[in-house]
Amino acid sequence: MHVPEKLPRNFYKPLAIGAPEPYRELPVRLERMIHFLPPHLEKFRAKVPELIGTVDVLLGNLEDAIPADAKVAAREGLIALGRANDFGATGLWTRINALNSPWAVDDIVELVGALGAKLDVVMVPKVDGPWDIHYVDQLLAQLEAKHAVGKPILIHAILETAEGVKNVDAIAAASPRMHGMSLGPADLAASRAMKTTRVGGGHPDYAVLADPNGDAPRTAFQQDLWHYTVAKMVDACAANGIKPFYGPFGDFADPAACEAQFRNAFLQGCVGAWSLHPTQVDIAKRVFSPDPGEVRFAARILEAMPDGTGAVMIDGKMQDDATWKQAKVIVDLARIVAARDPALAAAYGLS
Ligand code: GLV
Ligand code: MG
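As the structure is a computational prediction, the values presented were derived from the model and not from experiment.

## Observations concerning the packing of aromatic side chains
Two measures describe an aromatic ring pair: the distance that separates the ring centres and the angle between the ring planes.
And step 1. Taken as a whole and assessed by the stated rule, the structure comprises six aromatic pairs.
And step 2. Look at Trp93 and Phe245: their rings are 6.3 Å apart centre to centre, the planes differ by 75°, and that puts the pair in the edge-to-face class. With Trp93 in strand β3 (residues 91–95) and Phe245 in strand β9 (residues 243–245), this residue pair connects regions lying 152 residues apart in the sequence.
And step 3. By the ring-pair criterion, three or more aromatic residues cluster together here, those being Tyr246, Phe262, Phe266 and Phe288.

Structure (structure tokens):
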């Protein structure tokens with residue numbers, strides 16, 4: 001079946017009369033961790049004022065992990081904490097319930113009505129294809145128009161169904177409202193019938209066995225179960241100018257494995273990950289802020305090639321136009337981190 005595409009000239013038009021102009025480029029924001037909070041619990045809501053200064057993004061979770069009988073309380077709790085706090089440069093996001101659930105439409109309608117432009121991003125779970133994005137896109141535009149919201153509220157998709165992975169390019173390109181996407185390894189494992197009960201991370205049985213060598217014991221090298229999906233997601237996001245994230249890591253008792261999973265994602269191109277526990281905030285900060293030694297080396301490359309062309313040697317390593325671009329990725333990120341973190345600014349030599 002041929003599905004006609006929207007004309008290029010219409011792609012950036014608001015979807016409702018009175019809705020704000022969609023962004024052509026994403027606003028520059030530091031989003032090393034998306035910190036999940038269960039908003040139906042007073043104990044967690046009370047922590048919000050002190051959390052705001054310590055996380056890049058605070059997300060009120062309405063979907064999985066919130067019991068069915070607390071869905072409305074979670075939505076109301078998020079509205080209350082959204083109204084009660086000033087978030088400054090910290091992002092305020094929500095994860096709404098799945099579009100096939102009885103709660104999703106009220107999640108969107110009530111949150112936009114109550115919080116308006118204070119709400120930066122709506123995370124949509126279990127996205128199967130661009131049709132899911134189009135639905136939320138249209139509804140958000142209508143609500144922005146109705147409530148005179150002055151800036152577009154962005155959409156972040158969770159990549160967590162086999163169908164979504166198959167359609168990842170079309171999802172990334174579905175709307176100028178797309179902010180990015182996160183890998184959801186738990187739902188994705190279930191959707192694909194992967195044989196793991198873990199939430200992200202490796203699996204000891206997913207390994208390559210070294211060749212036999214007489215009677216010597218054979219080493220098994222554990223592989224990254226998520227490599228293929230992260231790579232596919234990063235390409236879809238980078239090609240469409242949106243941001244890829246690793247999602248949750250469920251074993252809070254294994255910070256080393258969490259850090260390794262986050263770092264693989266960072267090296268492959270992801271800009272952040274979810275934090276489900278306070279200890280994971282620091283892990284994400286460490287991993288998704290570039291290494292000071294790497295930043296200083298990258299800065300030397302940019303300095304040695306002021307117009308970004310030609311070839312030079314630095315410490316015996318060849319540099320050319322392509323490494324100049326690699327260096328610029330690192331230094332650009334370091335500047336964004338430095339603007340928020342004075343200690344790292346000094347370590348980067350950017351203060
Ligand atoms: C996240 O939502 C996941 O399913 O991993
Ligand atoms: Mg999920």
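## Comments concerning the domain arrangement of the chain
And step 1. In terms of domains, the chain is made up of domain 1 (8–288) and domain 2 (293–348).
And step 2. Tallying the contact residues gives ten residues for domain 1 and six residues for domain 2.
And step 3. Summed over both partners, the interface of domain 1 with domain 2 buries about 580 Å², with 60% contributed by carbon and sulfur atoms.
And step 4. It is Val28, Leu30 and Arg32 in domain 1 that bury the most area against domain 2; as a group they hold 58% of the surface buried on that side.
And step 5. Taken together, domain 1 and domain 2 are joined by one salt bridge.
And step 6. Arg340 is the salt-bridge partner of Asp56, the closest N and O atoms lying 3.2 Å from each other.
And step 7. On inspection of domain 1 and its partner domain 2, the count reaches four residue pairs in polar contact (both at pLDDT 80 or more).

## Describing the coordination of the magnesium ion (ligand 2)
Six octahedral donors at a metal ideally form angles of 90 or 180 degrees, and four tetrahedral donors ideally form angles of 109.5 degrees.
And step 1. Looking at the magnesium ion (ligand 2), the protein donor atoms are Glu160 (OE) and Asp187 (OD), and they sit 2.1 Å from it. Here Asp187 lies in helix α9 (residues 185–192) and Glu160 lies in the loop between β5 (154–159) and α7 (162–166), a separation of 27 residues in the sequence.
And step 2. According to the relative accessible area criterion, Glu160 is buried, its value standing at 3%.
And step 3. The exposure class of Asp187 is partly exposed, given its relative accessible area of 24%.

## A look at a nonpolar patch on the surface
And step 1. Taken together, the side chains of Val105, Val109 and Tyr135 present a nonpolar region at the surface, about 230 Å² in accessible area.
And step 2. Positionally, Val109 belongs in helix α5 (residues 104–115).

## Here we look at helix α10 (residues 227–239)
And step 1. Between its first and last C-alpha atoms α10 spans 18 Å; for 13 residues at 1.5 Å apiece the expected length is 18 Å, and the two agree.
And step 2. Looking one or two places after α10, you find Gly241, whose phi comes out positive at around 70°.

## Observations regarding the pattern of salt bridges
And step 1. Applying the stated criterion to the full structure yields 18 salt bridges.
And step 2. The closest approach of N and O atoms between Glu110 and Arg75, which form a salt bridge, is 3.8 Å. Here the residue Glu110 occupies a position in helix α5, and Arg75 occupies one in helix α4 (residues 71–84), the gap between them amounting to 35 residues.
And step 3. Overall, the relative accessible area of 33% leaves Glu110 in the partly exposed class.
And step 4. When its relative accessible area of 4% is taken as the criterion, Arg75 is described as buried.
And step 5. The partner of Asp120 in a salt bridge is Lys151, and the shortest N-O contact between them spans 3.4 Å.

Definitions and limits used
- Residues numbered from 1 in each chain as written.
- Chains lettered and ligands numbered in written order.
- Predicted model: local features only at pLDDT ≥ 70, side-chain atom pairs only at ≥ 80, totals over all residues.
- Heavy atoms only, no water.
- Phe/Tyr/Trp six-rings, centres within 6.5 Å; stacked < 30°, edge-to-face > 60°.
- Helix = DSSP H or I, 4+ residues; strand = E, 2+ residues; numbered from the N terminus.
- Domains from an automatic or database assignment.
- Contact = heavy atoms within 4.5 Å.
- Buried area = accessible area lost by both parts, 1.4 Å probe.
- Salt bridge = Lys/Arg side-chain N within 4 Å of Asp/Glu carboxyl O.
- Polar contact = N/O pair within 3.5 Å; in protein donor to acceptor, adjacent residues only side chain to side chain.
- Donors = N, O, S within 2.8 Å, 3.2 Å for Na, K, Ca; no water.
- Buried < 20%, exposed > 50% of the residue type's maximum accessible area, 1.4 Å probe, protein only.
- Patch = residues over 30% accessible without salt bridge, like charges linked within 9 Å, V, L, I, M, F, W, Y side chains within 5 Å.
- Areas by Shrake-Rupley, 256 points an atom, 1.4 Å probe, with all protein chains shown as cover.
- Expected span 1.5 Å × (residues − 1).

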